[in-house]
Amino acid sequence: MEEKPYTAQLSLRLSHEALDLTSICDALEMQPRVIWKAGDRNVTPAGTPIEGTRNNSYCSIDLFPASDRPLHRQVDEALALLERHAATLQGFHRDGGKVDLCIGWFCIADTGTTLDASVVERLARIKTGLDMHVYVPDPVGSTDLQE
């Protein structure tokens, strides 16, 4: 299948039942875009406080700027970066943490790619899942279903 135009944004997402994830970000030498601790007050995406508290710790780290380069190349580069921190990621997993490589794939038209078996093997070695979100444009003339 011939690839069509798209943009992808790759990020690392970490979560844990209770740990403060600041130390893991420091160990990875990465700055989180979003971070909170279990017990922090809930807020909207815009930062407005709302009722309740966070039930887990979470952070999201953008690995690279969004790019239209071939997705398999972006994934390979992300894995090379994460593999340098394999011991840290494996230890975090052993301590009850969850690690995911998240792909936001913003497609303009039909497209496709292959992530071969070596990607799955590399992810498994560093105890990292794959979380993929595919975003497609609204069809021309569509209406907002939430009106």
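For the structure itself, consult the block above.
Residues numbered from 1 in each chain as written. Predicted model: local features only at pLDDT ≥ 70, side-chain atom pairs only at ≥ 80, totals over all residues. Heavy atoms only, no water.

Undergrad: Mind laying out the overall build of the protein chain, listing which residues take part and the relevant values?
TA: Helix and strand counts for the protein chain stand at four helices and seven strands. Listing the helices and strands of the protein chain from first to last along the sequence gives β-α-β-β-β-β-α-α-β-α-β. Viewed in the frame of its principal axes, the protein chain has a C-alpha envelope of about 45 × 45 × 20 Å. The proportion of buried residues among the 147 residues of the protein chain is 35%. Partitioning the intrachain contacts of the protein chain with sequence separation of at least 6 by distance along the chain shows that 74% fall at a separation of at least 24. Of the roughly 9100 Å² that the protein chain leaves accessible, carbon and sulfur atoms contribute 52%. Within the protein chain, one finds 14 positive and 22 negative side-chain charges whose respective centroids are separated by 5 Å. (Helix = DSSP H or I, 4+ residues; strand = E, 2+ residues; numbered from the N terminus. Buried < 20%, exposed > 50% of the residue type's maximum accessible area, 1.4 Å probe, protein only. Contact = heavy atoms within 4.5 Å. Areas by Shrake-Rupley, 256 points an atom, 1.4 Å probe, with all protein chains shown as cover. Lys, Arg positive; Asp, Glu negative; His and termini not counted. Charge placed at Lys NZ, Arg CZ, Asp CG, Glu CD.)

Undergrad: Let's hear about the sheet that holds strand β5 (residues 57–62): which residues, and what values?
TA: Strand order in the open sheet formed by five strands is β2-β5-β1-β6-β7, with mixed pairing between adjacent strands. Looking at strand neighbours, the two that pair on one side only are β2 (34–36) and β7 (129–135), the edges of this open sheet. Ignoring strand direction, the axes of neighbouring strands in this sheet form an average angle of 20 degrees. Across three bridges, the pairing between β2 and β5 is antiparallel. (Pairing = 2+ DSSP bridges. Axes fitted to C-alpha atoms, helices over the stretch in contact; angles between N-to-C directions.)

Undergrad: Which residues make up the side chain of Arg 122, and what values do they have?
TA: Locating Arg 122 in the fold gives a position in helix α4 (residues 117–125). Overall, the relative accessible area of 14% leaves Arg 122 in the buried class. A polar atom in the side chain of Arg 122 sits 2.6 Å from the side chain of Asp 76. Beyond its immediate sequence surroundings of up to four residues, Arg 122 is in contact with Asp 76, Leu 79, Ala 80 and Glu 83. (Polar contact = N/O pair within 3.5 Å; in protein donor to acceptor, adjacent residues only side chain to side chain.)

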